[in-house]
Amino acid sequence: MSFFRRTSKPAHVATSTPTPAVDQAAAPVAVAERDALTGDYTIDASHSRLGFSARHAMVTTVRGQFTDFEGTAHVDAENPAASTVSLTIRPASISTGSADRDGHLVSADFFDVENHDAITFASTSVERDGAEWTVTGDLTIKGTTQSVTIPFEETGTAIDPFGNTRVGFEGATTINRKDWDLSWNAALETGGVLVSEKIKLEFDVSAIKNA
């Protein structure tokens, strides 16, 4: 796990003058004790990204993300199996850089947000090997639930300038969208299809420990 520590180094210290005290309010980050990892957390959506990527027309990759989501986690560093994760995503918040494409994705061809306004994930098991965590859970899209396993790397634990204990995780997995009835496609004249069935999900998560 990466830690971030600031060490004060005065430009000049006279032998007869004691070193001035460091202004603690100016320190950008203080290292959190590893034992402090255990606890309940809320995902900080403003500093997290839930993204995805898919092949388009067999020749390029389209990337996007969901901008409206919320989640919580219970982290147990000593007994990882007791850890839990819960996540809710609003598919209407999808953003791929194209208004026309986003409009198609929220339609009945894909997410059908008029009838299914949330994507949910609830963990069923959590494992840990050092800084590597593996979270398995139920992913529900359009009323269909399938189990997915997501490997995560613990990227850091620190106290931010506002006194919050933060933990970071990065993870990714690949799913087949047809398993959740996201099956719309169009054939290409040159062979193949317009949208790949395989979708890569990407998670860059910052979570704040509850007071």
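Details of the structure are given in the entry above.
Residues numbered from 1 in each chain as written. Predicted model: local features only at pLDDT ≥ 70, side-chain atom pairs only at ≥ 80, totals over all residues. Heavy atoms only, no water.

Caption draft 1: Just the overall build of the chain, in detail. Helix and strand counts for the chain come out as one helix and twelve strands. Sequence-ordered secondary structure for the chain, helices as α and strands as β, is β-β-β-β-β-β-β-α-β-β-β-β-β. Across the chain, contacts joining residues at least 24 apart in sequence account for 58% of those joining residues at least 6 apart. With an accessible surface of roughly 12200 Å², the chain has 50% of that area assigned to carbon and sulfur atoms. (Helix = DSSP H or I, 4+ residues; strand = E, 2+ residues; numbered from the N terminus. Contact = heavy atoms within 4.5 Å. Areas by Shrake-Rupley, 256 points an atom, 1.4 Å probe, with all protein chains shown as cover.)

Caption draft 2: Representation of the packing of aromatic side chains in the model. Enumeration according to the criterion identifies six aromatic pairs in this entry. For the ring pair Phe66 and Phe111, a centre distance of 5.9 Å and an interplane angle of 75° mean the geometry is edge-to-face. Here Phe111 lies in the loop between α1 (99-105) and β8 (119-129) and Phe66 lies in strand β4 (residues 60-66), a separation of 45 residues in the sequence. Phe111 carries the same exposure label as Phe66, and that label is buried. Relative to Phe203, the ring of Phe152 has its centre 5.8 Å away and its plane inclined at 55°; by these criteria the two rings are tilted. Taken together, the residues Phe152 in strand β10 (residues 144-159) and Phe203 in strand β12 (residues 198-209) connect sequence positions 51 residues apart. Side by side, Phe152 and Phe203 carry an identical accessibility label, which is buried. Chaining the aromatic ring pairs together yields one cluster made of Trp133, Phe152, Phe169 and Phe203. (Phe/Tyr/Trp six-rings, centres within 6.5 Å; stacked < 30°, edge-to-face > 60°. Buried < 20%, exposed > 50% of the residue type's maximum accessible area, 1.4 Å probe, protein only.)

Caption draft 3: Just the nonpolar core, in detail. By size, the foremost hydrophobic cluster in this structure holds 37 residues, and its most contacted members are Phe111 and Leu139. With five residues, the top contributor of residues to this core is β12. Every residue in contact with Leu139, bar those within four places of it in the chain, is listed here: Ile119, Thr120, Phe121, Thr144, Thr145, Gln146, Val148, Ile175, Trp180 and Leu201. (Core = buried A, V, L, I, M, F, W, Y, C linked by side-chain atoms within 4.5 Å.)

Caption draft 4: Broad picture of the side chain of Ser83. Its place among the elements puts Ser83 in the loop between β5 (69-75) and β6 (84-89). Taking the relative accessible area as the measure of exposure, Ser83 reaches 6% and is therefore buried. A polar contact of 2.9 Å, which involves the side chain of Ser83, links it to the backbone nitrogen of Asp76. Contact partners of Ser83, with chain neighbours within four places excluded, come to His74, Val75, Asp76, Ser123, Val126 and Trp133. (Polar contact = N/O pair within 3.5 Å; in protein donor to acceptor, adjacent residues only side chain to side chain.)

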